[in-house]
2 protein chains.
Amino acid sequence: MSSGSGLVPVRPIAVIGGTGPAGMGLALRWARAGENVIIGSREEGRAQKAAAAIQEKAGPHANVTGMENSTACAAADILMLTVPFEGQTALLQQLKFSMTEGSILIDATVPLAASVGGRASRPLGVWQGSAAQQAAELVPKGVSVVAAFHNISADLLYGDAPLDCDVIVCSDDPDAAQLTRELAAKIPGVRAIDGGKLENARIVEQITALLIGLNIRHKGHAGIRITGLPPNAYR
Amino acid sequence: MSSGSGLVPVRPIAVIGGTGPAGMGLALRWARAGENVIIGSREEGRAQKAAAAIQEKAGPHANVTGMENSTACAAADILMLTVPFEGQTALLQQLKFSMTEGSILIDATVPLAASVGGRASRPLGVWQGSAAQQAAELVPKGVSVVAAFHNISADLLYGDAPLDCDVIVCSDDPDAAQLTRELAAKIPGVRAIDGGKLENARIVEQITALLIGLNIRHKGHAGIRITGLPPNAYR
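From a predicted model like this one, the values you see are computed outputs, not experimental measurements. (Residues numbered from 1 in each chain as written. Chains lettered and ligands numbered in written order. Predicted model: local features only at pLDDT ≥ 70, side-chain atom pairs only at ≥ 80, totals over all residues. Heavy atoms only, no water.)

J.: What is the right way to look at the sheet that holds strand β4 (residues 78-81) of chain B in this model?
T.: Strand pairing in a sheet is mediated by backbone hydrogen bonds. Such pairs are either parallel or antiparallel. Residue and element names in this part refer to chain B. Spatial strand order, β3-β2-β1-β4-β5-β6-β7-β8: eight strands in an open sheet with mixed pairing. On the outer flanks of this sheet lie β3 (63-68) and β8 (190-194), each paired with one strand and no other. Direction aside, the axes of adjacent strands within the sheet are offset by 25° on average. Pairing of strand β5 (residues 104-107) with strand β6 (residues 144-147) involves four bridges; the strand directions are parallel. Directly across from L105, in β6, lies its bridge partner V145. (Pairing = 2+ DSSP bridges. Helix = DSSP H or I, 4+ residues; strand = E, 2+ residues; numbered from the N terminus. Axes fitted to C-alpha atoms, helices over the stretch in contact; angles between N-to-C directions.)

J.: Could you clarify how one ought to interpret the sheet that holds strand β6 (residues 144-147) of chain A in this entry?
T.: Residues and elements named next belong to chain A. Spatially, β3-β2-β1-β4-β5-β6-β7-β8 is the arrangement adopted by the eight strands of the open sheet, whose pairing is mixed. The strands lining the two open edges of the sheet, one partner per strand, are β3 (63-68) and β8 (190-194). Strand-to-strand twist of the sheet, defined as the mean angle between neighbouring strand axes without regard to direction, takes the value 25°. Two elements, strand β1 (residues 13-16) and strand β2 (residues 36-41), share three bridges in a ladder whose sense is parallel. The residue of β2 that forms the bridge with I13 is V37.

J.: Before we go on, may I ask you to explain the interface of chain A and chain B in this structure?
T.: Interfaces are often sized by the accessible area lost when the parts come together. Facing the 35 residues of chain A at the interface are 35 residues of chain B. Counting the surface lost from both chain A and chain B, the interface buries some 2700 Å², and carbon and sulfur atoms represent 62% of this. Applying the counting rule to chain A against chain B returns two salt bridges. E199 of chain B serves as the salt-bridge partner of R122 of chain A, at 2.8 Å between the closest nitrogen and oxygen. Here the side of chain A that touches chain B takes eleven residues from helix α8 (residues 201-218) of chain A, the largest share from any one element. Of the residues contributing to the side of chain A that touches chain B, the split by class is 17 nonpolar, eleven polar and seven charged. Two strands pair when backbone bridges link them, and strand β9 (residues 223-227) of chain A and strand β9 (residues 223-227) of chain B are joined in this way by five bridges, in the antiparallel orientation. Across the sheet, I226 of chain A pairs through a bridge with I224 of chain B, a residue of β9 of chain B. (Contact = heavy atoms within 4.5 Å. Buried area = accessible area lost by both parts, 1.4 Å probe. Salt bridge = Lys/Arg side-chain N within 4 Å of Asp/Glu carboxyl O. Nonpolar A, V, L, I, M, F, W, Y, C, P; charged D, E, K, R; others polar.)

Following this line, the structure appears as C-alpha coordinates:
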(Lines give C-alpha, C1' and ligand atoms only; values in the text may rest on other atoms or scores of the structure.)
Protein backbone atom coordinates (compact mmCIF):
# COMPACT_ATOMS: atom_id res chain seq x y z
CA MET A 1 0.00 0.00 0.00
CA SER A 2 3.02 2.32 0.08
CA SER A 3 3.39 4.78 -2.77
CA GLY A 4 5.69 3.65 -5.53
CA SER A 5 8.72 5.37 -7.00
CA GLY A 6 8.31 8.34 -9.32
CA LEU A 7 8.34 6.07 -12.35
CA VAL A 8 5.50 3.79 -11.30
CA PRO A 9 2.02 5.32 -11.32
CA VAL A 10 0.93 5.42 -7.67
CA ARG A 11 -2.55 4.45 -6.53
CA PRO A 12 -4.63 7.59 -6.56
CA ILE A 13 -6.22 9.31 -3.60
CA ALA A 14 -9.67 10.70 -4.38
CA VAL A 15 -10.51 13.73 -2.27
CA ILE A 16 -14.29 13.63 -2.33
CA GLY A 17 -15.94 17.00 -1.86
CA GLY A 18 -12.45 18.23 -2.45
CA THR A 19 -13.11 21.78 -3.62
CA GLY A 20 -13.49 23.14 -0.08
CA PRO A 21 -10.53 24.51 1.90
CA ALA A 22 -9.72 21.28 3.77
CA GLY A 23 -9.92 19.11 0.66
CA MET A 24 -7.81 21.48 -1.40
CA GLY A 25 -5.27 21.74 1.38
CA LEU A 26 -4.86 17.97 1.76
CA ALA A 27 -4.75 17.55 -2.02
CA LEU A 28 -2.03 20.19 -2.29
CA ARG A 29 0.14 18.63 0.39
CA TRP A 30 -0.24 15.12 -1.02
CA ALA A 31 0.38 16.32 -4.57
CA ARG A 32 3.60 17.92 -3.38
CA ALA A 33 4.56 14.62 -1.72
CA GLY A 34 4.25 12.86 -5.08
CA GLU A 35 0.81 11.34 -4.57
CA ASN A 36 -1.61 10.99 -7.46
CA VAL A 37 -4.61 13.06 -6.38
CA ILE A 38 -8.10 13.21 -7.82
CA ILE A 39 -10.32 16.08 -6.72
CA GLY A 40 -13.97 15.08 -6.61
CA SER A 41 -16.88 17.50 -6.79
CA ARG A 42 -20.57 17.39 -7.59
CA GLU A 43 -19.71 19.28 -10.79
CA GLU A 44 -16.89 17.97 -12.93
CA GLY A 45 -16.03 21.47 -14.10
CA ARG A 46 -15.58 22.71 -10.57
CA ALA A 47 -13.39 19.73 -9.75
CA GLN A 48 -11.20 20.40 -12.76
CA LYS A 49 -10.88 24.07 -11.89
CA ALA A 50 -9.83 23.23 -8.33
CA ALA A 51 -7.43 20.56 -9.61
CA ALA A 52 -5.81 23.08 -11.95
CA ALA A 53 -5.37 25.57 -9.10
CA ILE A 54 -3.76 22.90 -6.90
CA GLN A 55 -1.61 21.66 -9.79
CA GLU A 56 -0.29 25.16 -10.35
CA LYS A 57 0.47 25.66 -6.68
CA ALA A 58 2.03 22.20 -6.27
CA GLY A 59 4.38 22.52 -9.25
CA PRO A 60 4.99 20.78 -12.58
CA HIS A 61 5.67 17.32 -11.13
CA ALA A 62 2.33 17.17 -9.36
CA ASN A 63 -0.39 14.88 -10.60
CA VAL A 64 -3.82 16.35 -9.82
CA THR A 65 -6.97 15.78 -11.85
CA GLY A 66 -10.62 16.69 -11.31
CA MET A 67 -13.66 14.45 -11.67
CA GLU A 68 -17.30 14.26 -10.67
CA ASN A 69 -17.50 12.70 -7.18
CA SER A 70 -18.73 9.24 -8.15
CA THR A 71 -16.24 8.96 -11.02
CA ALA A 72 -13.47 9.99 -8.64
CA CYS A 73 -14.71 7.44 -6.13
CA ALA A 74 -14.69 4.61 -8.68
CA ALA A 75 -11.19 5.57 -9.85
CA ALA A 76 -9.52 5.28 -6.45
CA ASP A 77 -9.41 2.94 -3.52
CA ILE A 78 -8.30 5.60 -1.07
CA LEU A 79 -11.16 8.02 -0.54
CA MET A 80 -10.71 11.16 1.53
CA LEU A 81 -14.01 12.70 2.56
CA THR A 82 -13.95 16.44 3.33
CA VAL A 83 -17.51 17.68 3.32
CA PRO A 84 -19.61 19.64 5.78
CA PHE A 85 -21.53 17.39 8.18
CA GLU A 86 -24.88 18.26 6.62
CA GLY A 87 -23.72 16.82 3.30
CA GLN A 88 -22.10 13.63 4.57
CA THR A 89 -25.04 11.22 4.64
CA ALA A 90 -26.51 12.02 1.24
CA LEU A 91 -23.11 11.94 -0.40
CA LEU A 92 -22.19 8.56 1.08
CA GLN A 93 -25.57 7.13 0.09
CA GLN A 94 -24.91 8.28 -3.45
CA LEU A 95 -21.32 7.10 -3.56
CA LYS A 96 -21.71 3.65 -2.06
CA PHE A 97 -22.46 2.23 -5.50
CA SER A 98 -19.11 3.55 -6.75
CA MET A 99 -16.97 2.25 -3.91
CA THR A 100 -14.96 -0.88 -4.55
CA GLU A 101 -14.42 -3.61 -1.99
CA GLY A 102 -11.16 -3.15 -0.11
CA SER A 103 -11.36 0.63 -0.38
CA ILE A 104 -10.52 2.91 2.51
CA LEU A 105 -12.70 5.87 3.37
CA ILE A 106 -10.85 8.47 5.42
CA ASP A 107 -13.46 10.65 7.06
CA ALA A 108 -12.68 14.14 8.37
CA THR A 109 -16.28 15.15 8.94
CA VAL A 110 -16.96 17.19 12.06
CA PRO A 111 -20.53 17.39 13.35
CA LEU A 112 -20.75 21.10 14.15
CA ALA A 113 -23.88 22.95 15.18
CA ALA A 114 -23.12 25.27 12.24
CA SER A 115 -24.70 22.54 10.08
CA VAL A 116 -28.07 23.42 11.56
CA GLY A 117 -27.58 27.16 11.88
CA GLY A 118 -25.77 27.04 15.24
CA ARG A 119 -22.22 27.80 16.20
CA ALA A 120 -19.16 26.16 14.69
CA SER A 121 -17.69 26.08 18.19
CA ARG A 122 -20.37 23.64 19.38
CA PRO A 123 -20.56 19.99 18.34
CA LEU A 124 -23.79 18.21 17.49
CA GLY A 125 -24.62 14.87 19.03
CA VAL A 126 -24.64 12.05 16.48
CA TRP A 127 -26.71 8.97 17.23
CA GLN A 128 -23.89 6.63 16.18
CA GLY A 129 -21.47 8.54 18.42
CA SER A 130 -19.50 10.38 15.75
CA ALA A 131 -19.65 11.40 12.12
CA ALA A 132 -17.07 8.70 11.39
CA GLN A 133 -19.23 6.01 12.94
CA GLN A 134 -22.16 7.34 10.93
CA ALA A 135 -19.99 6.96 7.82
CA ALA A 136 -19.12 3.39 8.82
CA GLU A 137 -22.81 2.59 8.91
CA LEU A 138 -23.29 3.91 5.38
CA VAL A 139 -20.38 2.44 3.43
CA PRO A 140 -20.71 -0.97 1.75
CA LYS A 141 -19.30 -4.07 3.40
CA GLY A 142 -15.58 -4.39 2.69
CA VAL A 143 -14.90 -0.65 2.88
CA SER A 144 -12.90 0.41 5.94
CA VAL A 145 -13.53 3.73 7.60
CA VAL A 146 -10.73 5.73 9.18
CA ALA A 147 -11.27 8.99 11.09
CA ALA A 148 -8.47 11.52 10.67
CA PHE A 149 -7.50 15.09 9.75
CA HIS A 150 -10.19 16.77 11.86
CA ASN A 151 -7.89 19.01 13.86
CA ILE A 152 -5.70 20.44 11.13
CA SER A 153 -6.15 24.01 9.95
CA ALA A 154 -7.49 24.07 6.39
CA ASP A 155 -6.06 27.56 5.86
CA LEU A 156 -2.57 26.45 6.87
CA LEU A 157 -2.86 23.24 4.84
CA TYR A 158 -3.49 25.19 1.67
CA GLY A 159 -0.28 27.14 2.19
CA ASP A 160 3.43 26.64 1.93
CA ALA A 161 4.71 26.56 5.51
CA PRO A 162 5.15 23.31 7.43
CA LEU A 163 2.27 22.54 9.75
CA ASP A 164 2.71 22.40 13.52
CA CYS A 165 0.18 19.80 14.62
CA ASP A 166 -0.55 16.13 15.12
CA VAL A 167 -3.19 14.07 13.36
CA ILE A 168 -4.97 11.51 15.54
CA VAL A 169 -6.05 8.52 13.50
CA CYS A 170 -8.88 6.25 14.67
CA SER A 171 -10.07 3.08 12.97
CA ASP A 172 -11.15 -0.48 13.61
CA ASP A 173 -8.97 -1.60 10.67
CA PRO A 174 -5.28 -1.49 11.69
CA ASP A 175 -3.97 -1.65 8.10
CA ALA A 176 -6.20 1.18 6.95
CA ALA A 177 -5.16 3.19 9.99
CA GLN A 178 -1.48 2.61 9.24
CA LEU A 179 -1.88 3.71 5.61
CA THR A 180 -3.66 6.83 6.82
CA ARG A 181 -0.90 7.58 9.33
CA GLU A 182 1.62 7.25 6.48
CA LEU A 183 -0.39 9.73 4.40
CA ALA A 184 -0.61 12.13 7.34
CA ALA A 185 3.13 11.95 7.94
CA LYS A 186 3.72 13.06 4.33
CA ILE A 187 2.48 16.51 5.28
CA PRO A 188 5.49 18.52 6.49
CA GLY A 189 5.34 19.15 10.22
CA VAL A 190 2.57 16.65 10.87
CA ARG A 191 3.01 13.68 13.18
CA ALA A 192 0.41 10.92 13.04
CA ILE A 193 -0.74 9.18 16.20
CA ASP A 194 -2.67 5.95 16.58
CA GLY A 195 -5.80 7.08 18.37
CA GLY A 196 -7.27 3.60 18.68
CA LYS A 197 -10.70 2.44 17.62
CA LEU A 198 -13.11 4.33 15.41
CA GLU A 199 -15.32 5.11 18.40
CA ASN A 200 -12.61 7.46 19.67
CA ALA A 201 -13.44 9.74 16.74
CA ARG A 202 -16.19 11.01 19.05
CA ILE A 203 -13.61 12.94 20.99
CA VAL A 204 -11.31 13.86 18.11
CA GLU A 205 -14.21 15.37 16.15
CA GLN A 206 -15.28 17.44 19.14
CA ILE A 207 -11.78 18.84 19.59
CA THR A 208 -12.32 20.65 16.28
CA ALA A 209 -15.20 22.60 17.79
CA LEU A 210 -12.94 23.61 20.68
CA LEU A 211 -10.20 24.69 18.26
CA ILE A 212 -12.70 26.74 16.24
CA GLY A 213 -13.72 28.47 19.46
CA LEU A 214 -10.06 29.19 20.21
CA ASN A 215 -9.58 30.54 16.68
CA ILE A 216 -12.55 32.88 17.09
CA ARG A 217 -11.44 34.01 20.55
CA HIS A 218 -7.73 34.38 19.86
CA LYS A 219 -7.63 34.96 16.09
CA GLY A 220 -5.40 32.04 15.18
CA HIS A 221 -5.23 28.77 13.32
CA ALA A 222 -5.21 26.35 16.21
CA GLY A 223 -4.02 22.78 16.05
CA ILE A 224 -3.00 20.28 18.69
CA ARG A 225 0.16 18.46 19.62
CA ILE A 226 0.10 15.45 21.89
CA THR A 227 3.01 15.56 24.31
CA GLY A 228 4.40 12.97 26.70
CA LEU A 229 4.31 9.88 24.48
CA PRO A 230 7.39 7.82 23.60
CA PRO A 231 8.93 8.52 20.16
CA ASN A 232 7.53 5.32 18.64
CA ALA A 233 3.98 6.59 19.24
CA TYR A 234 4.44 9.12 16.44
CA ARG A 235 5.03 8.47 12.78
CA MET B 1 -5.86 38.43 43.73
CA SER B 2 -2.18 37.95 42.88
CA SER B 3 -0.02 36.22 45.42
CA GLY B 4 1.93 38.51 47.69
CA SER B 5 5.65 38.59 48.35
CA GLY B 6 7.26 35.96 50.53
CA LEU B 7 6.73 38.12 53.61
CA VAL B 8 2.98 38.55 53.31
CA PRO B 9 0.84 35.48 54.01
CA VAL B 10 -0.90 34.66 50.72
CA ARG B 11 -4.53 33.58 50.42
CA PRO B 12 -4.60 29.81 50.68
CA ILE B 13 -5.64 27.36 48.01
CA ALA B 14 -7.57 24.40 49.38
CA VAL B 15 -7.08 21.27 47.32
CA ILE B 16 -10.25 19.33 48.15
CA GLY B 17 -9.91 15.59 47.82
CA GLY B 18 -6.26 16.45 47.62
CA THR B 19 -4.67 13.17 48.68
CA GLY B 20 -4.98 11.60 45.21
CA PRO B 21 -2.23 11.91 42.59
CA ALA B 22 -3.68 14.96 40.79
CA GLY B 23 -4.35 16.85 43.99
CA MET B 24 -0.93 16.11 45.44
CA GLY B 25 0.72 17.07 42.17
CA LEU B 26 -1.03 20.44 41.95
CA ALA B 27 -0.37 21.08 45.64
CA LEU B 28 3.33 20.31 45.19
CA ARG B 29 3.71 22.63 42.22
CA TRP B 30 1.85 25.46 43.90
CA ALA B 31 3.73 24.98 47.16
CA ARG B 32 6.99 25.28 45.23
CA ALA B 33 5.67 28.46 43.62
CA GLY B 34 5.17 29.99 47.09
CA GLU B 35 1.44 29.42 47.37
CA ASN B 36 -0.14 28.62 50.71
CA VAL B 37 -1.73 25.21 50.13
CA ILE B 38 -4.23 23.30 52.26
CA ILE B 39 -4.76 19.63 51.49
CA GLY B 40 -8.32 18.55 52.19
CA SER B 41 -9.40 14.96 52.81
CA ARG B 42 -12.33 13.14 54.35
CA GLU B 43 -9.95 12.21 57.18
CA GLU B 44 -7.89 14.93 58.80
CA GLY B 45 -5.07 12.47 59.54
CA ARG B 46 -4.77 11.46 55.91
CA ALA B 47 -4.73 15.10 54.84
CA GLN B 48 -1.96 15.88 57.29
CA LYS B 49 0.09 12.91 56.15
CA ALA B 50 -0.24 13.97 52.51
CA ALA B 51 0.59 17.56 53.43
CA ALA B 52 3.73 16.43 55.22
CA ALA B 53 4.83 14.39 52.20
CA ILE B 54 4.30 17.37 49.90
CA GLN B 55 5.99 19.73 52.33
CA GLU B 56 9.05 17.51 52.41
CA LYS B 57 9.19 17.28 48.63
CA ALA B 58 8.56 21.01 48.13
CA GLY B 59 11.27 22.15 50.53
CA PRO B 60 11.54 24.13 53.77
CA HIS B 61 9.96 27.34 52.42
CA ALA B 62 6.77 25.58 51.39
CA ASN B 63 3.58 26.14 53.30
CA VAL B 64 1.37 23.06 53.16
CA THR B 65 -1.12 21.97 55.79
CA GLY B 66 -3.73 19.24 55.99
CA MET B 67 -7.36 19.55 57.10
CA GLU B 68 -10.66 17.72 56.88
CA ASN B 69 -12.37 18.71 53.60
CA SER B 70 -15.01 21.05 55.01
CA THR B 71 -12.52 22.79 57.32
CA ALA B 72 -10.19 23.23 54.35
CA CYS B 73 -13.09 24.58 52.32
CA ALA B 74 -14.03 27.14 54.97
CA ALA B 75 -10.41 28.27 55.35
CA ALA B 76 -9.89 29.19 51.69
CA ASP B 77 -11.64 31.06 48.94
CA ILE B 78 -9.82 29.25 46.16
CA LEU B 79 -11.00 25.65 46.10
CA MET B 80 -9.40 23.12 43.79
CA LEU B 81 -11.52 19.99 43.36
CA THR B 82 -9.64 16.82 42.39
CA VAL B 83 -11.92 13.88 43.04
CA PRO B 84 -13.11 10.96 40.96
CA PHE B 85 -16.37 11.71 39.16
CA GLU B 86 -18.34 9.28 41.32
CA GLY B 87 -17.46 11.32 44.39
CA GLN B 88 -18.09 14.80 43.01
CA THR B 89 -21.80 15.27 43.69
CA ALA B 90 -21.88 14.00 47.26
CA LEU B 91 -18.79 15.99 48.16
CA LEU B 92 -20.14 19.24 46.74
CA GLN B 93 -23.48 18.73 48.48
CA GLN B 94 -21.59 18.30 51.74
CA LEU B 95 -19.21 21.22 51.18
CA LYS B 96 -21.67 23.83 49.99
CA PHE B 97 -22.35 24.85 53.58
CA SER B 98 -18.64 25.57 54.06
CA MET B 99 -18.15 27.63 50.92
CA THR B 100 -18.01 31.38 51.32
CA GLU B 101 -19.54 33.84 48.88
CA GLY B 102 -17.00 35.07 46.35
CA SER B 103 -15.12 31.77 46.41
CA ILE B 104 -13.82 30.13 43.29
CA LEU B 105 -14.22 26.42 42.73
CA ILE B 106 -11.74 25.08 40.18
CA ASP B 107 -13.07 21.75 38.99
CA ALA B 108 -10.86 19.14 37.33
CA THR B 109 -13.40 16.34 37.46
CA VAL B 110 -13.53 14.08 34.43
CA PRO B 111 -16.63 11.92 33.90
CA LEU B 112 -15.00 8.63 32.93
CA ALA B 113 -16.79 5.33 32.47
CA ALA B 114 -14.34 3.95 35.04
CA SER B 115 -16.62 5.55 37.64
CA VAL B 116 -19.25 2.91 36.84
CA GLY B 117 -16.91 0.00 36.20
CA GLY B 118 -16.19 0.86 32.55
CA ARG B 119 -13.08 2.07 30.83
CA ALA B 120 -11.11 5.16 31.78
CA SER B 121 -10.67 5.79 28.05
CA ARG B 122 -14.42 6.37 27.59
CA PRO B 123 -16.30 9.41 28.87
CA LEU B 124 -19.70 9.25 30.47
CA GLY B 125 -22.49 11.56 29.35
CA VAL B 126 -23.47 14.07 32.01
CA TRP B 127 -26.95 15.53 31.88
CA GLN B 128 -25.67 19.07 32.46
CA GLY B 129 -23.11 18.59 29.69
CA SER B 130 -19.98 18.25 31.76
CA ALA B 131 -18.81 17.53 35.28
CA ALA B 132 -17.96 21.22 35.61
CA GLN B 133 -21.50 22.26 34.71
CA GLN B 134 -22.78 19.71 37.20
CA ALA B 135 -20.55 21.36 39.81
CA ALA B 136 -21.94 24.78 38.86
CA GLU B 137 -25.43 23.49 39.58
CA LEU B 138 -24.39 22.33 43.05
CA VAL B 139 -22.37 25.23 44.44
CA PRO B 140 -24.10 28.03 46.36
CA LYS B 141 -24.91 31.31 44.66
CA GLY B 142 -21.88 33.59 44.61
CA VAL B 143 -19.39 30.79 44.04
CA SER B 144 -17.82 30.79 40.58
CA VAL B 145 -16.91 27.53 38.91
CA VAL B 146 -13.87 27.24 36.66
CA ALA B 147 -12.99 24.08 34.71
CA ALA B 148 -9.25 23.45 34.39
CA PHE B 149 -6.36 21.01 34.86
CA HIS B 150 -8.12 18.04 33.25
CA ASN B 151 -5.47 17.24 30.69
CA ILE B 152 -2.35 17.36 32.81
CA SER B 153 -0.58 14.17 33.86
CA ALA B 154 -0.91 13.61 37.60
CA ASP B 155 2.24 11.47 37.61
CA LEU B 156 4.30 14.19 35.97
CA LEU B 157 2.77 16.88 38.20
CA TYR B 158 3.95 15.08 41.30
CA GLY B 159 7.51 15.10 40.02
CA ASP B 160 10.35 17.51 39.54
CA ALA B 161 10.62 18.04 35.78
CA PRO B 162 8.87 20.92 34.03
CA LEU B 163 5.61 19.90 32.38
CA ASP B 164 5.11 20.03 28.62
CA CYS B 165 1.43 20.81 28.23
CA ASP B 166 -1.22 23.49 28.12
CA VAL B 167 -4.12 23.96 30.51
CA ILE B 168 -7.38 25.03 28.90
CA VAL B 169 -9.44 27.11 31.30
CA CYS B 170 -13.21 27.45 30.88
CA SER B 171 -15.51 29.61 32.98
CA ASP B 172 -18.42 32.00 32.79
CA ASP B 173 -16.62 34.28 35.27
CA PRO B 174 -13.74 36.08 33.52
CA ASP B 175 -12.01 37.13 36.76
CA ALA B 176 -12.10 33.62 38.18
CA ALA B 177 -10.80 32.29 34.85
CA GLN B 178 -7.94 34.78 34.88
CA LEU B 179 -6.93 33.86 38.43
CA THR B 180 -6.99 30.20 37.44
CA ARG B 181 -4.83 30.89 34.38
CA GLU B 182 -2.37 32.67 36.66
CA LEU B 183 -2.27 29.62 38.95
CA ALA B 184 -1.78 27.30 35.98
CA ALA B 185 1.06 29.40 34.64
CA LYS B 186 2.89 29.00 37.96
CA ILE B 187 3.51 25.37 37.08
CA PRO B 188 6.81 25.19 35.16
CA GLY B 189 6.24 24.36 31.51
CA VAL B 190 2.50 24.97 31.58
CA ARG B 191 0.81 27.57 29.43
CA ALA B 192 -2.75 28.53 30.27
CA ILE B 193 -5.27 29.21 27.52
CA ASP B 194 -8.65 30.89 27.75
CA GLY B 195 -11.00 28.17 26.57
CA GLY B 196 -14.13 30.31 26.79
CA LYS B 197 -17.34 29.55 28.61
CA LEU B 198 -17.86 26.78 31.15
CA GLU B 199 -19.89 24.77 28.62
CA ASN B 200 -16.67 24.14 26.69
CA ALA B 201 -15.53 21.95 29.58
CA ARG B 202 -17.60 19.28 27.82
CA ILE B 203 -14.85 18.91 25.27
CA VAL B 204 -11.89 19.53 27.55
CA GLU B 205 -13.07 16.84 29.98
CA GLN B 206 -13.47 14.32 27.16
CA ILE B 207 -9.95 14.97 25.91
CA THR B 208 -8.74 13.35 29.13
CA ALA B 209 -10.40 10.08 28.15
CA LEU B 210 -8.61 10.27 24.80
CA LEU B 211 -5.28 10.94 26.52
CA ILE B 212 -5.82 8.01 28.90
CA GLY B 213 -6.41 5.80 25.86
CA LEU B 214 -3.18 7.10 24.33
CA ASN B 215 -1.33 6.42 27.59
CA ILE B 216 -2.60 2.84 27.66
CA ARG B 217 -1.81 2.27 23.97
CA HIS B 218 1.56 3.97 23.87
CA LYS B 219 2.74 3.75 27.51
CA GLY B 220 3.22 7.45 28.10
CA HIS B 221 2.02 10.44 30.08
CA ALA B 222 0.14 12.32 27.40
CA GLY B 223 -0.73 15.99 27.52
CA ILE B 224 -1.78 18.47 24.88
CA ARG B 225 -0.34 21.63 23.44
CA ILE B 226 -2.44 24.01 21.41
CA THR B 227 -0.49 25.32 18.43
CA GLY B 228 -1.22 28.10 15.97
CA LEU B 229 -2.47 30.80 18.34
CA PRO B 230 -0.86 34.23 18.69
CA PRO B 231 1.50 34.66 21.69
CA ASN B 232 -1.03 36.71 23.65
CA ALA B 233 -3.40 33.73 23.74
CA TYR B 234 -1.11 31.99 26.21
CA ARG B 235 -0.20 33.09 29.71
